[in-house]
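Residue-level structural notes
Below, each chain spelled out in residue letters.
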Amino acid sequence: MLFSTLADIPQILVRRATPALFAIIMGTGAISVLFTIFPYTHGSKPMITLSLIIFFSNLCLFVFFFALVIAKYVHYPQKWSSLLRNPVTSLYCGCFPMGATTLINIAVLVIHTRYHVGGKGFLYFLWSMWWLDVVISFVCCWVGLHFMFTYQKHSLQSMTAMWLLPVVTLIVASSTGGVMAQALQPYSTSYALTTIVVSVFMVAVGLSLALMILTIYLLRLITYGIPPGGTVLSVFLPLGPTSQSGYAVLLIGQAFGTLFPPISGDSQFLQNFNGNSAGVVLDIVCTCIAFVLWSLATMWIIYALLAIYSGLRSSKIVFRVNFWGLIFPNCVYATLTIQLANAFDSGTLRVWGSAYAVAVFLLWMLVALRSLWEMKTFIIHHHPNSGTMDEKIDEFEQQFDRRWIPSHDSARTSITEPP
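Quick caveat, the model's predicted, so the values are computed rather than measured.

A tally of regular secondary structure across the protein gives 15 helices and 0 strands. Within the protein, buried positions represent 53% of all 419 residues. Long-range pairs, those at least 24 residues apart, make up 80% of the contacts in the protein between residues at least 6 apart in sequence. Carbon and sulfur atoms provide 70% of the accessible area of the protein, an area that totals close to 18,900 Å².

Right under this line is the structure:
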């Protein structure tokens, strides 16, 4: 019976494939970035090795999930329409470009910059992948919001922080643009400046939309209270746009510090600056903006911890796939904290960022190990009864949903049954 169940798994995986799988790629990729910037072992060979191990594992997982999703929607083309009209599952489409950006970051920071693999040609290939990611991010944001306006039904009571997913795609892509611009500068300052200008546009649009949605979300929390059950985990999602936009703005300021044309004039104020005065001013302004956004993210952490505490007192939070949604926003908060510690040369921020990074890594380990254990237990102890192939697959899927997918009431803020 076990071998029969294992033989049915490929077909089941294709039928159950969903864009929400790329939330795993996002979280794992962000963990890989943390290894490269951890302050007390920065640049050490063991940390870089661990980062690359996670990167290549994540890359294989990305290709596997991509193949599953493509196979599903090629084999069941009618599912495209139901995906776009689904008010919950459609939001997870943004996880695809955001997961891809984490792979591009490591490829630029480690594989190209540190080990010089591929040289200029490889960097330009990564740059082209970034442009493709930018296009997909704009589609997810603008088309995704358009479908929310026109083809989906939403209400304030059912609203969750998942509404942020389509707009955060622009912010995440802009931060990768900051990483890309620094790598492009030795080869072409014009390409680097173009990348930064596009990144400024993306973070401005994405952050503006995110702040609008966060205002509505705060109203929803005040009016209807904390989301019930496992959906309370979604209160950590506001860390994503606030922290990631802060990180993007910080990188943009650093790039402008060397790329922006210098200001000339007879002003005594300008004469006090050495070198690229305009870039220095913009770098300082962007660093201050990044700190303000870090402050907002820290505020949301306090609200999230209080919400988790209240949720645990009222009900038990059962392990589901939506636990993966905790990893990415907390990772980018740790990343921003460490980068601000470097910018301000602050020991306090450095300690706080390092401690938070370790905590997020432990959380990632627990979620990953628990996911593997749950899947193993499910395959061994849950198998369909005798019947036709379609009946066995339908029964197996129902058992899968009961174990992994939140109930209908809570699914509106986490992962629902794919269309």
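There's plenty left to go through after this.
Another aspect to go through is the pattern of salt bridges. Tallied over the entire structure, the rule returns 1 salt bridge. A salt bridge links Asp345 to Arg350, with the shortest nitrogen-to-oxygen separation between them at 3.6 Å.

Further remarks concern the side chain of Ser137. As for its placement among the helices and strands, Ser137 is situated in helix H6 (residues 119-150). Apart from residues lying up to four places away in sequence, Ser137 is in contact with Pro97, Thr169, Leu170 and Ala173.

A few words on the environment of Ser90. Structurally, Ser90 can be placed in the loop between helix H4 (79-85) and helix H5 (95-112). Aside from chain neighbours lying at most four places away, what touches Ser90 is Leu83, Leu84 and Gln152. Side-chain polar atoms of Ser90 contact the side chain of Gln152, separated by 3.0 Å.

Once that is clear, we can look at helix H9 (residues 239-259). In this model H9 runs 30 Å from its N-terminal to its C-terminal C-alpha over 21 residues, within 8% of the 30 Å that 1.5 Å per residue would give. With respect to burial, H9 is a largely interior element, 19 of its 21 residues being buried.

The next thing to look at is helix H7 (residues 165-184). Here H7 contains 20 residues, and its C-alpha end-to-end distance of 29 Å stays within 8% of the 28 Å for a straight helix at 1.5 Å per residue. Most of H7 sits out of view: 19 of its 20 residues are buried.

What follows is about the packing of aromatic side chains. The geometry of two aromatic rings is summed up by the distance between their centres and the angle between their planes. In the structure shown here, the tally under the stated rule is 27 aromatic pairs. With a centroid separation of 4.6 Å and 35 degrees between ring planes, the pair formed by Tyr73 and Trp80 is classed as tilted. By relative accessible area, Trp80 is classed as partly exposed at 42%. Members of the aromatic cluster, each reached through a chain of ring pairs, are Phe22, Phe62, Phe64, Phe65, Phe66 and Phe96.

Time to look at the nonpolar core. One finds Phe22, Ile31, Leu34, Met180, Met202 and Trp324 to be the most contacted residues of the largest nonpolar core, which totals 123 residues. The element that contributes the greatest number of residues to this core is H7, accounting for 12 residues. Leave out the neighbours within four places in its chain, and Phe22 touches Phe62, Phe65, Phe66, Val69, Cys95 and Phe96.

Before going further, it helps to examine a nonpolar patch on the surface. Residues Leu211, Leu218, Ile222, Val292, Leu296, Met299, Ile302, Tyr303 and Leu306 make up a contiguous nonpolar surface patch of roughly 810 Å² in combined accessible area. Ranked by the residues each element gives to the nonpolar patch, the list is headed by helix H11 (residues 277-314), at 6 residues. Summarising the element assignment, Met299 is placed in helix H11.

The geometry of helix H2 (residues 22-37) relative to helix H3 (residues 45-75) is characterised by a closest axis approach of 9 Å and an angle of 165 degrees between their N-to-C directions. Between H2 and H3, the crossing angle belongs to the class labelled roughly antiparallel. Seen along the crossing, H2 lies across H3 with a hand that is left-handed. Across the interface between the two elements, Phe22, Ile24, Ile25, Thr28, Gly29, Ile31, Ser32, Phe35 and Thr36 from H2 touch Met47, Ile48, Leu50, Ser51, Ile54, Phe55, Asn58, Leu61, Phe62, Phe65, Phe66 and Val69 from H3.

A word on unusual backbone geometry. Positioned with a positive phi, His116 is a non-glycine residue whose angle comes to about 55 degrees. Examined against the element boundaries, His116 turns out to sit in the loop between H5 and H6. Of note, the phi angle at Asp345 is positive, near 50 degrees, even though the residue is not glycine. With respect to the helices and strands, the residue Asp345 is situated in the loop between helix H12 (327-344) and helix H13 (347-381).

Our focus in this paragraph is the environment of Cys95. As for its position among the elements, Cys95 is in helix H5. Each C-alpha atom of the pair Cys95 and Cys140 lies 9.4 Å from the other, and the pair is 45 residues apart in sequence. The residues touching Cys95, leaving out its near neighbours within four places in the chain, are Pro19, Phe22, Ala23, Met26 and Leu165.

Rules of the game
Residues numbered from 1 in each chain as written. Predicted model: local features only at pLDDT ≥ 70, side-chain atom pairs only at ≥ 80, totals over all residues. Heavy atoms only, no water. Helix = DSSP H or I, 4+ residues; strand = E, 2+ residues; numbered from the N terminus. Buried < 20%, exposed > 50% of the residue type's maximum accessible area, 1.4 Å probe, protein only. Contact = heavy atoms within 4.5 Å. Areas by Shrake-Rupley, 256 points an atom, 1.4 Å probe, with all protein chains shown as cover. Salt bridge = Lys/Arg side-chain N within 4 Å of Asp/Glu carboxyl O. Polar contact = N/O pair within 3.5 Å; in protein donor to acceptor, adjacent residues only side chain to side chain. Expected span 1.5 Å × (residues − 1). Phe/Tyr/Trp six-rings, centres within 6.5 Å; stacked < 30°, edge-to-face > 60°. Core = buried A, V, L, I, M, F, W, Y, C linked by side-chain atoms within 4.5 Å. Patch = residues over 30% accessible without salt bridge, like charges linked within 9 Å, V, L, I, M, F, W, Y side chains within 5 Å. Axes fitted to C-alpha atoms, helices over the stretch in contact; angles between N-to-C directions. Parallel < 35°, antiparallel > 145°, perpendicular 65-115°, else oblique. Left-handed = near helix turned anticlockwise from the far one by under 90°.

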